[in-house]
Amino acid sequence: MTHQLNRRSFLGLSVATTAVAALAACTPTPPVTTGTARILPTDPLVTAYETQRASTGKTVSHALTARSFSTTLAGKNITTWGYDGSLVAPTLRGMAGDQLNLTIANQLPESTSIHWHGLALRNDADGVPGLTQEGVGTGKDYPYDFKLPHPGTYWYHSHVEMQRERALYGALVIDDPQEPLKYDKEWVIVLDDWLDGITGTPDEVLKELSEGMGGMGGMNHGRGDGGMVMGHMLMGATSDFLGVDAGDVAYPFHLFNGREPGNPEIFTAKKGERIRLRIINAAGDTAYRIGVPNQKLTVTHTDGFPVQHIEVDAVVLGMGERIDALLTVRDGHTPVVALAEGKAQMAYGLLSTGTGTPPARGSLPKTLTGKVVDGGQLTADPAVSLATKTPDRVHELRLTGGMANYDWGINGHRFDMAKPFENAFDIKAGERVEMKFVNDTEMWHPMHIHGHTFQVGDTGARKDTIIVRPKETIIVRFDADNPGQWLFHCHNAYHAERGMMGVFSYVK
Ligand SMILES: [Cu+2]
């Protein structure tokens, strides 16, 4: 199985490191695995960088158990995998500079890990089996222990195969010791597309998609009505905003903090209070168009980093992206709606002052129009904009593959976790790195990089995940200031698992 491959390759790294250390005394550092001296997660430099990170001297301790559990969803009994036996994992919280000490106990029938999405954390805590650690085996515990590097809205999730497509994900909020925003309350909202235990399992979906649709090319697909479903595959789900094809997978429903639309969450507040929404798209194959009917959202952050405030009617969040927005509470019940982009479905929750009656589900809007943006179209707060510098290194990352063979890749190469450094993108500490995403496919991809927050263009937002539309080219840049081995990938769970991943590899 793949996790055994992961283990083997990680052990391979460990052996290589030992070999490097043993030989360092007598000869120049010999090549590790591919002829290049790579700064591995076990390198003392990783610890040295961690020591330099600001510290509050405080430690936040948690324990989580990953296990199978049963619950009821939309009136149906399901069995799925999650943290601490819930569809909604605990929201983890700490101050920037705190030490997070979290022990994961694995009671799943296969190995697992936790990835801390969006954090520029120490490389050996990044949670990618086969690259930064060995997978945590069944019945084993594993301690994650690292400094929370910067404030913002983040999340954590399993980074093993399709596990995140069950309930192995949760919110991670890092507070700013000098929080500049003024608000009365926070509402953390996690969105997800759900099918596990209802129409199948994520592994079954992956298997079906992997067979491709080479023979189906001549079919007349429905358009604009959420598409046509064949098995788990969704065809003709269209979104002009995303460049036509919105998604590959049909879901029975979408979750808003673990609740399906028949049983929405109600968040209570007083009229006139300002609410900070922290919205996370944890879905596998669905972008959400989020808005409040007849009310503007003031967007303040994307992917944890501040942007120049902007009033919008809706925001489109790709998988893995986050947005923070301010909302002033109106009297009565105010729906916060997340339309599954191109899929004719929604998730929603209600903001309530305790007066009046909740709106009927059927009365909620099926469209959100007006000023609609995605995170890639926002402007960075100047305080977090990168200083002007000519890039030291440019990597072109062409997004390749298609539905016919479901053969997603980077530059035509399909990533193999057993050989993580094959076609790796080398970088060196101290460099300004430019990544040029060129989308050669007919599908949009939310591209995510681990361990760094890039800037979009010259003045765009600082982000770790960005929507790249079909045939679009997007240039992003980051400072290589966090040595180690870092995965980057499409955050469509199915695209990533089928090969649209790569490694940014710090070399000596
Ligand atoms: Cu993709």
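One numbering rule holds for all chains: residues counted from 1, following each sequence as written. Totals for whole chains, interfaces and linings use all residues, but because this is a predicted model, local features are given only for residues with pLDDT of at least 70 and pairs of side-chain atoms are given and counted only at 80 or more. To obtain the side-chain values, all non-hydrogen atoms of the structure were included, while hydrogens and water were left out.

## Remarks on the packing of aromatic side chains
The criterion for an aromatic pair is that two Phe, Tyr or Trp rings (for Trp, the six-membered ring) have centres within 6.5 Å, with stacked assigned to planes under 30 degrees apart, edge-to-face to planes over 60 apart and tilted to the rest. The tally for this structure, following the rule as stated, stands at 12 aromatic pairs. Ring centres of Trp187 and Phe256 lie 5.5 Å apart, and the angle between their planes is 55°; on these two criteria the pair is classed as tilted. Of the two residues, Trp187 is situated in strand 9 (residues 185-194) and Phe256 in strand 14 (residues 253-256); the sequence distance between them amounts to 69 residues. For the pair Trp187 and Phe256, a shared accessibility class is recorded, and that class is buried. For the ring pair Phe488 and Phe504, a centre distance of 5.0 Å and an interplane angle of 50° mean the geometry is tilted. Placement of the pair is Phe488 in strand 34 (residues 485-490) and Phe504 in strand 35 (residues 501-506), with a sequence separation of 16 residues. For the pair shown, Phe488 and Phe504 are each scored as buried. Cation placement over rings: the criterion is NZ of Lys or CZ of Arg within 6 Å of the ring centroid and within 35° of the ring normal. Above the ring of Trp81, the side-chain terminus of Arg166 is found at 4.2 Å from the ring centroid. Directly above the ring of Phe241 sits Arg469, whose terminal nitrogen or CZ lies 4.8 Å from the centroid. Per the convention used, a helix needs a DSSP run of H or I reaching at least four residues, while a strand needs a run of E reaching at least two, with both numbered from the N terminus. Think of it in three bands: with a 1.4 Å probe and only protein chains considered, a residue is buried below 20% of the maximum accessible area for its type, exposed above 50%, and partly exposed in between.

## Section: the sheet that holds strand 6 (residues 141-147)
Pairing between two strands requires that DSSP report at least two bridges joining them. Ordered in space as 2-1-4-6, the 4 strands form an open sheet in which the pairing is mixed. Whereas interior strands pair on both sides, the edge strands pair on one side only; in this sheet they are strand 2 (76-83) and strand 6. Geometrically, the sheet is characterised by an average inter-axis angle of 25° between neighbouring strands, direction not taken into account. The sheet contact formed by strand 4 (residues 99-106) and strand 6 spans 7 bridges and is antiparallel. Under this scheme, a helix contributes an axis fitted over its contacting stretch, all axes are lines through C-alpha atoms, and angles between N-to-C directions fall in the 0 to 180 degree range.

## Here's the deal with the environment of Asn123
By the element assignment, Asn123 lies in the loop between strand 5 (115-117) and strand 6. You can call Asn123 buried: its relative accessible area is 0%. When residues no more than four places from it in sequence are discounted, the contact partners of Asn123 are Leu40, Pro41, Val46, Thr132, Pro483, Gly484, Gln485 and Trp486. Only heavy atoms enter the contact rule, under which two residues are in contact if any of them lie within 4.5 Å.

## Side note on the sheet that holds strand 18 (residues 297-302)
One open sheet accounts for 6 strands, arranged 14-9-16-21-18-19; its pairing is mixed. Edge positions in the sheet fall to strand 14 and strand 19 (305-312), since each of these pairs with one other strand and no more. Ignoring strand direction, the axes of neighbouring strands in this sheet form an average angle of 25°. Strand direction decides the pairing type here: strand 9 and strand 14, joined by 4 bridges, are antiparallel. Its bridge partner lying in strand 14, Asp193 is registered against His254.

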